[in-house]
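Analysis of the macromolecular model
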Amino acid sequence: MPTVIRPRGRSMPPALDEINRRIRLLMDEPADKRRAEEYTRLLVLWAEATAANGSCWGKAA
């Protein structure tokens with residue numbers, strides 16, 4: 001799967017793109033404890049994936 005190009009010339013590996021897609025789908029579900037737990041799990045995956053590839057996507061400005 002190709003790397004997705006994002007604004008300002010940054011690229012996002014397919015794993016991060018998939019996590020993003022899952023988060024977007026999750027936000028369409030009713031707010032409940034299960035959704036909150038899954039959202040937290042996906043954020044942890046996001047942080048791990050950005051740390052693994054040296055990306056600065058997870059860093060605050």
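Predicted model, so just to flag it, every value in this text is computed and none were measured. (Residues numbered from 1 in each chain as written. Predicted model: local features only at pLDDT ≥ 70, side-chain atom pairs only at ≥ 80, totals over all residues. Heavy atoms only, no water.)

Let's shift gears to the pattern of salt bridges. Counted according to the given criterion, the structure contains 4 salt bridges. Lysine 33 is the partner of glutamate 37 in a salt bridge, and the nearest nitrogen-oxygen pair spans 3.9 Å. A residue pair is termed a helical-turn pair when its members lie 3 or 4 positions apart in one helix, as glutamate 37 and lysine 33 do in helix H2 (residues 33-52) at 4 residues. Overall, lysine 33 belongs to the exposed group, its relative accessible area being 64%. (Salt bridge = Lys/Arg side-chain N within 4 Å of Asp/Glu carboxyl O. Helix = DSSP H or I, 4+ residues; strand = E, 2+ residues; numbered from the N terminus. Buried < 20%, exposed > 50% of the residue type's maximum accessible area, 1.4 Å probe, protein only.)

Turning our eyes to something else, we now look at the environment of leucine 16. The topology assignment puts leucine 16 in helix H1 (residues 14-27). Once the C-alpha coordinates of leucine 16 and alanine 47 are considered, the two residues, 31 residues apart in sequence, prove to be 9.5 Å apart.

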